[in-house]
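Each chain, letter by letter, is given below.
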Amino acid sequence: MSHQASVVHLNVIDFAAAVAIAKDRSLAKSPFVVAKAGAARPVVLAVSRQAWAEGLTPGMPVGMAERLVRNLRILDPDPTSCIMANTLMETICRRYAPLVQNDSGGHLYLDLAGTSRLFGPHMDCAVRIRNEIMEQVGIEPVVALAPNKLVSKVVTRAIRPTGVACVREGEEASFLAPQDALLLPGVGPAMARILSVAGLREIGGLAALDDSETVALFGKRGLALRDAARGLDNSPVDPGGLAERTIWRRVDFPEPILDAAVFHAALVRVVEDAGLEMRRSLLAAGALRITLLYADGVRGEAQQRSREPLLLDSDLIATAARVSAKALERRVRLRALALVLYGLTPAKREPDLFTPEGPDRFERLQSAVDSTRLRFGTTAVTKATAIVHA
Amino acid sequence: MATILVGTSGYSYTEWIGPVYPLGTKPEAFLALYAGMFASVELNFSYYRMPTAPQLSHLLEQSGPSLSFSIKAHESLTHTVDPANWRTAADTFIKAMVPLCEAKRLEAVLLQFPYSFHYEVDRRKYLDALLKDFSSLPLAVEFRNAQWYNNRVFDSLRERGVALTSVDLPALNGLPPVLDVTTSKMAYIRLHGRNSDTWWGSDAAARYDYLYSEKELQAWVERVRGIASEAGRVLVYFNNHRRGQAVQNAKMLLGLLKRNALTP
């Protein structure tokens, strides 16, 4: 039985800039960037099409962008308008798709399976949704229809900044093969360096590796990446979307504890474990919650939203330590500790977006630590504080 | 609003006498009658026979004052390329375009490459050289092999301002995917029919024997709406020429575009 491709990815390129143009059409013909004013070393968060044509890219220091384009207009981020636009896009999608995954930032996945009798062929339906978004929201997403989320994502990256495309069931690998390897989700700066050294420029080169070659080049994580290069992806369209998704870890102490060092060791371990899962899903956390269960059955809880998405263990651990300090209000022994990462958003791969002060070194370190943990287990590499008292 | 022109691939089919042209129409009258129905035509005789400037001047005279032309490149430039002599053929073809260019009635030169034109280093170098030679003319490329549908090709065509043709074909493995990517100010669309039973291993007449339904063309209206938001000029040609079905569908599409306020 042949299956019809039914997963649609809608991807608004440089969402913040697209929303700004939707609000003020006069911006459409001028180069501008979106960047946070007042930051110590501001970086470009989004670029308009005109600015992109001038060579500006997200992640670039604002100073450099201003040197490249004279009289460059710099707009403040407008998160309220972005949220409204994203919500309106989701509302339009829900009229047609039974399953909608809203990853925010102009990224939505839809599963149109079972809707063709109502709305016609999936491609026609996807185009209709795109047109309604153009008319009602004023922005134009790239649209890809494919048999799974991963392939649909690569397609929107391949044809950006606008357009529609459909990859038929059974043609996933052949469509991916000639695309740039850098388009594959999961290929960040560290992986890109290995691919470059290995001479693997196209996704097809990665897909052709056998198991032993893959492990030799990338470690065990490479097998998942190699399978992705073959267009394999079983992840469903998650209707909850990122707004409802959380990453949760809990540790139950064998004996109730009161020692701060032991508590900190456990905290570091759960943060590292949750952080690894988060980064594997290419996500960053907007908030963190700590729940404590005391020996007498009382619960303590504290949480904190972060101004910048939390991506690296160093940031997560620092935030978790602050939140724990707020939650630890009683001098009573603890039975358990739970951590929740929420407010998840797709992680931007451009390092400057997160830690402008020398981010490369930390990202490389994090990437190496993650690879080691995935290959040898989560306890293989950890902070000294977590080992001494574990 | 973008200008959208709709027409057919070719106009000179004797089997159109009856379904399209009145009975008894002489071939030399075809083009004038065609110009009364559509604003643009895609010439495809030029694929089989190298066109000449006098020939195209004559067509201009026959067609009246406003019909515009797209023209398919000769097979020696796309299908039967001789590495030693293709530049001569290119030069001859480009010189033949002078009357259409001077009359400002050339919409595009279509470079249609066959399935056997694979995404290989030699072919890429050839295409690069060919596009350079033709850079003075508005160009559209059509690939029948899906390997060409990748991000580097899209970016390269954007840099050169060359349109990537959107094609409507049967949904068969190996054929190009459904894909609308605007790579120049002009967009080029070709509808070949969806006759999957006769696509491989039959003659052209059977391959292009297909009549689009109104529902199928309404879906195309929605795609054209998106393309028109990026391109200033959109050219749509029907190649399902058997028994005049291309004409029937082109008229149907024009009606739908008008109903959807995409054309005046």
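It should be noted that the structure appears before, not after, this text.
In short, a report on the structure. Values in this document were obtained by computation on a predicted structure and should not be read as measured data.

**Digging into the interface of chain A and chain B**
Between chain A and chain B, the contact holds 27 residues from the first and 26 residues from the second. When the two sides are added together, the surface that chain A and chain B hide from each other amounts to roughly 2100 Å², 47% of it contributed by carbon and sulfur. Area buried by chain A at its contact with chain B is led by V164(A), R168(A) and P178(A), which between them contribute 23% of it. The tally of links from chain A across to chain B stands at three salt bridges. The closest approach of N and O atoms between D180(A) and R152(B), which form a salt bridge, is 2.4 Å. One can count 15 residue pairs in polar contact (both at pLDDT 80 or more) joining chain A with chain B. Within the residue set of the side of chain A that touches chain B, elements represented by two or more residues are α6 (122–136), α7 (149–159) and β8 (164–166) of chain A. It is α6(A) that provides the largest number of residues to the side of chain A that touches chain B, a total of seven residues.

**Concerning the environment of I92(A)**
Residues and elements named next belong to chain A. Relative to the helices and strands, I92 resides in helix α4 (residues 79–94). With a relative accessible area of 0%, I92 lands in the buried category. The spacing of I92 and G114 is 22 residues in sequence and 18 Å in space, taken between C-alpha atoms. Setting aside anything within four residues of it in sequence, one finds I92 in contact with I129, E132, I133, Q136 and V137.

**Comments concerning the side chain of T156(A)**
Residues and elements named next belong to chain A. Tracing the sequence through the fold places T156 in helix α7. You can call T156 buried: its relative accessible area is 0%. Not counting chain neighbours up to four residues away, the residues in contact with T156 comprise H9, N11, V142, V143 and A144.

**A closer look at the pattern of salt bridges**
Going through the model one piece at a time under the given rule, you end up with 31 salt bridges over all chains. Here E90(A) and R94(A) are joined by a salt bridge, their closest N and O atoms 2.7 Å apart. Here E90(A) and its partner R94(A) are both found in helix α4, four residues apart, which amounts to about one turn of the helix. Classification of E90(A) by relative accessible area gives buried; the value is 19%. With relative accessibility at 39%, the residue R94(A) sits in the partly exposed group. One salt bridge connects E202(A) with R152(B), and the closest N-O pair in it is separated by 2.7 Å. Of this pair, E202(A) sits in the loop between α9 (189–198) and α10 (203–207) while R152(B) sits in helix α8 (residues 151–160), which puts the two residues in different chains. The exposure class assigned to R152(B) is buried, which follows from its relative accessible area of 16%.

Parameters at a glance
Residues numbered from 1 in each chain as written. Chains lettered and ligands numbered in written order. Predicted model: local features only at pLDDT ≥ 70, side-chain atom pairs only at ≥ 80, totals over all residues. Heavy atoms only, no water. Contact = heavy atoms within 4.5 Å. Buried area = accessible area lost by both parts, 1.4 Å probe. Salt bridge = Lys/Arg side-chain N within 4 Å of Asp/Glu carboxyl O. Polar contact = N/O pair within 3.5 Å; in protein donor to acceptor, adjacent residues only side chain to side chain. Helix = DSSP H or I, 4+ residues; strand = E, 2+ residues; numbered from the N terminus. Buried < 20%, exposed > 50% of the residue type's maximum accessible area, 1.4 Å probe, protein only.

These figures come from the coordinates and say nothing about function on their own.
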